[in-house]
Amino acid sequence: MTTWTTRPETAADIPAIHGIVAAAFPTADEAHLVDALRTDPAAWIDGLSMLAVDPGGTPAGHALLTRCHIDGEPALALAPCAVLPAAQRTGAGSAAIRAVLAAARTRNQENLVVVLGHAGYYPRFGFTRASAAGITAPIEVPDEALMTLALDPARPTPTGTIRWASAFGI
């Protein structure tokens, strides 16, 4: 089992991140999404693009949080998350996700993270159905696939409809 370390992306990592995301999905659309989000000052938050790197320092996993809004209140969107195919099921993705969530907690600003993803994967990080928290998507999505996580359960979280960054095209 590989031991993954995590760190925020640097400018030098941009080509590697593009490669990871492009390799993890059937098309390069998600890789282009990350590039577009990086250029959107309303969505991009420095320090919330996290890499999982192997012992030799080679990036293999990536997780990204960008700003979204829920009925006008700021929140965070976890997407996309990607791992090189050869490193999938080794903990690289989990390491990157845990690290980016920890970085968001440290910021102590937005308190809610939304994710549209695999209902069997994201609950391990504490995500639960968004509908139970009064949060909906502006498009039709399976109820079990839209999830949320309060970074600090003692703080209030917004309710309403999610508005993702424009790069998502939703």
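Before going into details, it helps to say that this report is about the structure given with it. (Residues numbered from 1 in each chain as written. Predicted model: local features only at pLDDT ≥ 70, side-chain atom pairs only at ≥ 80, totals over all residues. Heavy atoms only, no water.)

1. Notes on the overall build of the protein
To keep things clear, this is the line we draw: Put simply, DSSP marks the helices as runs of H or I at least four residues long and the strands as runs of E at least two long, and each gets a number from the N terminus on. Type-normalised accessible area, obtained with a 1.4 Å probe on protein chains alone, sets the label of each residue: buried when under 20%, exposed when over 50%, and partly exposed for intermediate values.
Check the secondary structure of the protein and you find 3 helices and 9 strands. Tracing the protein from N to C terminus, the helices and strands come up as β-α-α-β-β-β-α-β-β-β-β-β. Its C-alpha atoms give the protein principal-axis dimensions of roughly 45 × 30 × 30 Å. Evaluated residue by residue, the protein yields a buried proportion of 46% over its 170 residues.

2. Overview of the packing of aromatic side chains
Rules: For Phe, Tyr and Trp, rings pair up if their centres lie within 6.5 Å, where Trp contributes its six-membered ring, and each pair is then called stacked (planes under 30 degrees apart), edge-to-face (over 60) or tilted (otherwise).
Scanning the entire structure with this criterion turns up 4 aromatic pairs. Judged by centre distance (6.4 Å) and plane angle (50°), the rings of tyrosine 122 and phenylalanine 125 are tilted. Residue phenylalanine 125 is classed as buried on the basis of its relative accessible area of 9%. Ring centres of tyrosine 122 and phenylalanine 127 lie 6.0 Å apart, and the angle between their planes is 85°; this geometry places the pair in the edge-to-face category.

3. Some thoughts on helix α1 (residues 14-24)
As a reminder, the rule being used: Each C-beta atom gives one direction from the helix axis, and the arc is the one those directions make. Whether two residues touch is decided by their heavy atoms; if any such pair falls within 4.5 Å, the residues are in contact.
Of all the positions in α1, only Ile17, Ile20 and Val21 are classed as buried. Buried residues of α1 fall within an arc of 90° about the axis and therefore sit on the same side. For α1, the secondary structure elements touched by its buried residues are α2 (29-38), β2 (49-53), β3 (59-70) and β4 (73-83).

4. Comments concerning the pattern of salt bridges
Opposite charge on two side chains lets them pair, provided their charged atoms get close. Heads up, the condition is: By definition here, a salt bridge exists when the distance from a side-chain nitrogen of Lys or Arg to a carboxyl oxygen of Asp or Glu is within 4 Å.
Under the criterion given, the structure shown has 6 salt bridges. Note that arginine 67 is salt-bridged to glutamate 110, the shortest N-O span being 3.0 Å. A residue pair is termed long-range when its members are at least 10 positions apart, and arginine 67 in strand β3 and glutamate 110 in the loop between α3 (92-107) and β5 (112-116) qualify at 43 residues. One salt-bridge network, in which partners are shared between bridges, spans Glu9, Asp35 and Arg38.

5. A short note on the side chain of arginine 38
Defined as follows: For this analysis, a polar contact is any N or O atom pair within 3.5 Å, provided that within protein one partner can donate a hydrogen and the other can accept it, and provided that sequence-adjacent residues contribute only side-chain to side-chain pairs.
Counting through the fold element by element, arginine 38 comes out in helix α2. In this structure the side chain of arginine 38 is engaged in a polar contact, spanning 3.2 Å, whose partner is the side chain of aspartate 35. In contact with arginine 38, other than residues within four places in its own chain, are Glu9, Ile14, Ile17 and Trp44.

6. With respect to the pairing of β3
Stated formally: The criterion for strand pairing is that DSSP finds at least two bridges linking the strands in question.
Among the 12 residues in β3, 11 count as buried, and that is most of the element. Alignment of β2 against β3, held across 5 bridges, turns out to be antiparallel. Within β3, the residue paired with serine 49 across the bridge is leucine 64. Counting the residues between successive antiparallel strands, the hairpin from β2 to β3 contains 5 residues, one of them, glycine 57, with a positive phi of roughly 90°. In the sheet, β3 pairs with β4 via 9 bridges, with the strands oriented antiparallel. Note that in β4 the partner of glycine 61 across the bridge is valine 83.

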